[in-house]
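Per-entry structural report
Each chain, letter by letter, is given below.
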Amino acid sequence: MPMPMLDRRRLLLTSTAGLAAATAPGLLLPRRAAAADVVVGFIYVGPKDDYGYNQAHAEGAAAIKSMPGVTVIEEENVPETVDVQKTMESMINLDGASLIFPTSFGYYDPHMLKMCEKYPDVQFRHCGGMWDEAKHPKNAGSYFGYIGMGQYLNGIVAGHTSKTKKLGFIAAKPIPQVLININSFTMGARTVDPTITTQVIFTGDWSLPVKEAEATNSLVDQGIDVITCHVDSPKVVIETAERRGIYSCGYHADQSKLAPKGYLTGAEWNWATVYKMFVEKAQAGEPLPNFVRGGLAEGFVKTSPYGPAVGDAAKAQADAIKADMMKGGFVVFKGPLNDNRGNQVVAAGQNFGETATELESTGYLLEGVIGSTS
């Protein structure tokens, strides 16, 4: 059993010299035992069972626990403060971790970067951090997935299912990745019916359950009958939608248990693919890549099974498009495209595939989206 988070941080109040001189053998034994194995640390900003962002990573961690020679250490509910530095240090000094995955956005700079410099023999890989070869340590790196394709498929299913042709999207912040998902969801839906609209509400932060419930109810009151989201835990959104009798599309992980009637499908992370790759390379003594990206075709992203409300036409179109995506090279952002203020943002003849660097600076909502980034 991993040591409770609070106990770990209290232990770190002891100096490094004090730990080295400690006479209690239980403190030093994990470090010696780990020498022949790979000890991997996972750090989560929220609970591992949040039906969302953290659960998706925890499911990936669970997939490598059965690998021979692998010991997994996990800490949940670690804030994006100096606390995460203490957690990383405890994993290294108490458990002998040689590979650490700090999964939350705010862990990267300055916290993970400081630990990289302090422990150059430990490898750190961050979810979504923009590792820069010119200025960041060589034992740092980042990994992420192109999940916008999954939201595009969500949109197709939502477009077929909606009776009002009014969709809803609850989002935390208008950063590029969130905006890509909103736009992708809307474009998928509008392949079914170009008159469909998506109403967006930004809550202002990644985990605000009360605001997420209020936003969901507000959207339902406006006649929206299918909803999705980009927040850390979709649990509140999905449960509220189910209680109000509307449909939902999931995000991050599978939320179908929360909405047995209204859950349509979902865009999920498949971090097991990424974590197995890193661990296999570490066990083989091979260099770990510093910048890793992939989508549906690479197995970084997957879709939830269809719910009972999804019709045959929705399944047929979504399955056909997914098959094209799995071949690689499918493009969602094809010009000409206008934003919802009438400005052209993708010119005629321009095609931005999921790997296009232009999408990393997305700052607009496309035509068909009701809402504002400011």
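Notes on the structure follow. (Residues numbered from 1 in each chain as written. Predicted model: local features only at pLDDT ≥ 70, side-chain atom pairs only at ≥ 80, totals over all residues. Heavy atoms only, no water.)

Some points on the overall build of the protein
What the protein contains, in helices and strands, is 12 helices and 18 strands. The globule rule puts the C-alpha radius of gyration for 374 residues at 21 Å, and the 22 Å found for the protein is close to it. In terms of its C-alpha atoms, the protein occupies a principal-axis envelope of roughly 70 × 45 × 40 Å. Going through the 374 residues of the protein one by one, you find that 52% of them count as buried. Looking at the protein as shown, the accessible area adds up to about 15,800 Å², and 54% of this sits on carbon and sulfur atoms. Here the protein holds 33 positive side-chain charges and 39 negative ones, and the gap between their average locations is 2 Å. (Helix = DSSP H or I, 4+ residues; strand = E, 2+ residues; numbered from the N terminus. Rg over C-alpha atoms; globule rule 2.2 N^0.38 Å. Buried < 20%, exposed > 50% of the residue type's maximum accessible area, 1.4 Å probe, protein only. Areas by Shrake-Rupley, 256 points an atom, 1.4 Å probe, with all protein chains shown as cover. Lys, Arg positive; Asp, Glu negative; His and termini not counted. Charge placed at Lys NZ, Arg CZ, Asp CG, Glu CD.)

What to know about the pairing of strand β8 (residues 197-202)
Sheet topology places strand β7 (residues 166-171) next to β8; six bridges connect them, and they run parallel. Along β8, the bridge assignment pairs L167 with T198. Regarding topology, helix α8 (residues 176-190) serves as the crossover connection from β7 to the parallel β8, and that connection is right-handed. (Pairing = 2+ DSSP bridges. Right-handed = clockwise from strand over helix to strand, strands pointing away.)

A short note on the nonpolar core
One finds V40, F42, I64, Y143, I182, W271 and F333 to be the most contacted residues of the largest nonpolar core, which totals 69 residues. In terms of residues, this core owes the most to one element, α8, which gives seven residues. If sequence neighbours within four positions are ignored, W271 has contacts with A56, H57, G60, C127, Y143, F144 and G145. The next biggest cluster of nonpolar side chains, apart from the first, holds 21 residues, and it includes I73, M88, M112 and V122. (Core = buried A, V, L, I, M, F, W, Y, C linked by side-chain atoms within 4.5 Å. Contact = heavy atoms within 4.5 Å.)

Let's talk about the sheet that holds strand β3 (residues 99-102)
Strand order across the open sheet formed by four strands is β2-β1-β3-β4, with parallel pairing between neighbours. Each edge of the sheet is formed by a strand with only one pairing partner; in this case those strands are β2 (70-75) and β4 (123-124). The pairing of strand β1 (residues 38-43) with β3 spans four bridges and is classified as parallel. The residue of β3 that forms the bridge with F42 is F101. In the packing of helix α5 (residues 82-95) onto the sheet, contacts are made with β1, β2, β3 and β4, and the angle to β1 comes to roughly 165 degrees. (Axes fitted to C-alpha atoms, helices over the stretch in contact; angles between N-to-C directions.)

With respect to the side chain of T240
Among the structural elements, T240 can be located in helix α10 (residues 235-243). Residue classification places T240 among the buried positions, given a relative accessible area of 2%. At 2.7 Å, the side chain of T240 and the backbone oxygen of V236 are in polar contact. (Polar contact = N/O pair within 3.5 Å; in protein donor to acceptor, adjacent residues only side chain to side chain.)

A few points about the pattern of salt bridges
Scanning the model with the defined rule gives eight salt bridges in all. Between K173 and D205 there is a salt bridge, and its shortest N-O distance comes to 3.9 Å. You can see K173 sitting in the loop between β7 and α8 and its partner D205 sitting in the loop between β8 and α9 (209-221), a full 32 residues away along the chain. Residue classification places D205 among the partly exposed residues on the basis of a relative accessible area of 34%. Here K327 ties to D324 by a salt bridge, and the two come within 3.7 Å at their closest N and O atoms. Separated by three residues within a single helix, K327 and D324 lie in helix α12 (residues 312-327), roughly one turn from each other. K327 sits in the exposed class, given a relative accessible area of 69%. Each of K48, K65 and E74 takes part in salt bridges that share partners, so that together they form one network. (Salt bridge = Lys/Arg side-chain N within 4 Å of Asp/Glu carboxyl O.)

Remarks on the sheet that holds β7
Spatial ordering of the open sheet is given by β13-β11-β10-β9-β7-β8-β18, a layout of seven strands whose pairing is mixed. Single-partner strands in this sheet number two, and they are β13 (301-303) and β18 (369-370). This element, α9, spans β7, β8 and β9 (226-230) of the sheet and lies at about 170 degrees to β7.

Concerning the packing of helix α7 (residues 148-161) against α8
For any two helices packed against each other, one specifies the crossing angle of their axes together with the interaxial distance. The N-to-C vectors of α7 and α8 enclose an angle of 40 degrees; their axes lie 6 Å apart at closest approach. α7 and α8 meet at a crossing whose hand is right-handed. Contact residues: G148, Q151, Y152, N154, G155, I156, A158 and G159 in α7; N181, S184, F185, M187, G188 and A189 in α8. In terms of residue class, the contact of α7 with α8 is built from six nonpolar, eight polar and no charged. (Left-handed = near helix turned anticlockwise from the far one by under 90°. Nonpolar A, V, L, I, M, F, W, Y, C, P; charged D, E, K, R; others polar.)

Geometric descriptors of this kind do not, in isolation, establish any biological role.
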